[in-house]
Amino acid sequence: MHILQRTTTVAAVMLAAMFLGACSSPGPASGSAQDAAPVDRSNWPKGRPASGLAKGLELPLEAYMVSYADQVTVDTALRSLQTRCMADYGFEVDLPRPGTNPPLSDNSANIERRYGITDRTQAKKYGYFLPPEQQGSTEDTALDLPPVQVEVLTGHTKPEPVAAPEDGGGSYFGAAEKTEPARAEHDGKKLHSGGCTGWAKGQLKLNEADAGIVTQLDSKSLSESRPSKPVEKAITAWSACMKDKGRSAADPYRAMEQGLSEGDGSVTTKNAIEIALDDIDCKKQTRLIQVWFTKESVVQKRLIEENKDQLGAVKKHLSQVLEAAEAVK
């Protein structure tokens, strides 16, 4: 793989992990009285960005992605099914309520920050970090349950942190927590394969490979568009603009790394904010966002045509899953 393609792919993964992590955290658990009240949708992401340099932009592949609203519908159904399943084993659990901890972007394309930061109003306050209300914990709060309940829910033992190597060697950063297969049964009742979580997914006929297909194409389009002449030219112009402002960054992802290194999300340094503002101003001056979006849209349209049967099947299945989720009471 070309070094520029590899760098872009890594940067995209980093962006997704840092800024879309809230998608994997449904939000805090709620009591029955709180469940009766509707979830506040006022800070849910829009289908298309409503402000900034990415305002109104939507890539072709987004038509095959799950919107945040639909994801909440599916997650709410899964929560209901998991709760019932746990009750069958004698456990009354209060699982996290979906929709209370929305992410920045409506779907996994993360168009708001796909090509780096784009919203000057946010950058002026928080630099490259998200606003406080979008910095919710991405930890799986369901795993605060007692060990036996974790086994019944997930089909594996409660995760144990991986200890750092005593000699300081080996690979430690990002290592997965250790788990073992769950017990075979609880109080004489056989556990489901994958626990109540796996059973609930089966009830909706979820196929996690669907999202993987779209994600792969989405990543490919970003990697393919990055080395194109129009994008290279725009990035070179952006880098020159940054240099004129006293900044050294080969591309927007490098600028982001610099900005994120200063501050922890709760306190953002003045310099970090200034880097972010210079970044956005140079993007506006060079039309980098529009150029890159236009080129990637062309790539995505080609990929959609090349994979139309597979994508059509994904879209049909997602519609069936959503219909099944909406039927869960």
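Details of the structure are given in the entry above.
Worth saying up front: this structure is predicted, and the values here are computed from it rather than measured. (Residues numbered from 1 in each chain as written. Predicted model: local features only at pLDDT ≥ 70, side-chain atom pairs only at ≥ 80, totals over all residues. Heavy atoms only, no water.)

Caption draft 1: Here's a closer look at the layout of surface pockets. For the second largest pocket, the calculated volume is near 350 Å³. Surrounding the second largest pocket, 19 residues form its lining, Ala 50, Ser 51, Leu 104, Glu 112 and Gln 122 being those nearest its centre. For the lining of the second largest pocket, a count of residues per class yields 8 nonpolar, 6 polar and 5 charged. (1 Å grid on protein atoms, 1.4 Å probe; cavity = no way out; pocket = protein on both sides within 12 Å on 5 of 7 lines; lining within 4 Å. Points joined across faces, edges and corners; volume = space filled by probe spheres on them. Nonpolar A, V, L, I, M, F, W, Y, C, P; charged D, E, K, R; others polar.)

Caption draft 2: Representation of the packing of aromatic side chains. Applying the stated criterion across every chain, the model contains 3 aromatic pairs. Seen in terms of ring centroids, Trp 44 and Tyr 68 are 5.1 Å apart; in terms of plane orientation they differ by 80°. Their pairing is edge-to-face. With Trp 44 in the loop between α2 (32–36) and α3 (68–88) and Tyr 68 in helix α3, this pair connects stretches of sequence that are 24 residues apart. Of the two residues, Trp 44 and Tyr 68, neither departs from the other in class, the shared state being buried. Clustering of aromatic rings is evident, with ring pairs tying together Tyr 115, Tyr 253 and Trp 292. Taking NZ or CZ as reference, Lys 189 lies 5.3 Å from the ring centre of Tyr 89, over its face. Its guanidinium or amino end placed over the ring of Tyr 64, Lys 315 lies 5.2 Å from that ring's centre, counting from NZ or CZ. (Phe/Tyr/Trp six-rings, centres within 6.5 Å; stacked < 30°, edge-to-face > 60°. Helix = DSSP H or I, 4+ residues; strand = E, 2+ residues; numbered from the N terminus. Buried < 20%, exposed > 50% of the residue type's maximum accessible area, 1.4 Å probe, protein only. Lys NZ or Arg CZ within 6 Å of the ring centre and 35° of its normal.)

Caption draft 3: Molecular detail of the state of the cysteines. Counted by the stated rule, this structure contains 2 disulfides. Here Cys 85 pairs with Cys 196 through a disulfide, and the sulfurs are 2.1 Å apart. What sets the handedness of the Cys 85 and Cys 196 disulfide is the S-S torsion sign, and at about -75° it is left-handed. You can see Cys 85 sitting in helix α3 and its partner Cys 196 sitting in helix α6 (residues 195–204), a full 111 residues away along the chain. Comparing Cys 85 with Cys 196, the two get one shared label, buried. Paired by a disulfide, Cys 241 and Cys 282 hold their sulfur atoms 2.1 Å apart. Handedness here is read from the sign of the S-S torsion; for Cys 241 and Cys 282, about -80°, the answer is left-handed. With Cys 241 in helix α8 (residues 229–244) and Cys 282 in helix α10 (residues 270–286), the pair connects residues that are 41 residues apart, well separated along the chain. The pair formed by Cys 241 and Cys 282 is uniform in burial state, with each residue classed as buried. When the bonded cysteines of the protein chain are counted from the start of the sequence, the pairing works out to 1-2, 3-4. (Disulfide = S-S within 2.5 Å.)

Caption draft 4: Examining the packing of α3 against helix α12 (residues 308–326) more closely. At their nearest, the axes of α3 and α12 sit 8 Å apart, and the two run at 50° to each other. Here α3 is positioned oblique relative to α12, judged by the angle of their axes. The hand of the α3/α12 crossing is left-handed. Residues Asp 70, Thr 73, Val 74 and Ala 77 of α3 touch α12, and the partners they reach there are Val 321, Leu 322, Ala 325 and Glu 326. (Axes fitted to C-alpha atoms, helices over the stretch in contact; angles between N-to-C directions. Parallel < 35°, antiparallel > 145°, perpendicular 65-115°, else oblique. Left-handed = near helix turned anticlockwise from the far one by under 90°. Contact = heavy atoms within 4.5 Å.)

Caption draft 5: Structural context of the nonpolar core. Within the largest apolar cluster, 31 residues are counted, with the highest numbers of intra-cluster contacts made by Tyr 115, Tyr 128, Trp 238 and Trp 292. The set of elements that each furnish at least two residues to this core consists of α8, α9 (252–260), α10 and α11 (288–306). Ignoring anything within four residues of it in the chain, the contact list for Tyr 115 reads Leu 59, Leu 222, Pro 252, Tyr 253, Lys 283, Ile 289, Trp 292, Phe 293 and Glu 296. By size, the runner-up hydrophobic cluster in this structure holds 13 residues, among which are Cys 85, Phe 91, Val 150 and Leu 191. (Core = buried A, V, L, I, M, F, W, Y, C linked by side-chain atoms within 4.5 Å.)

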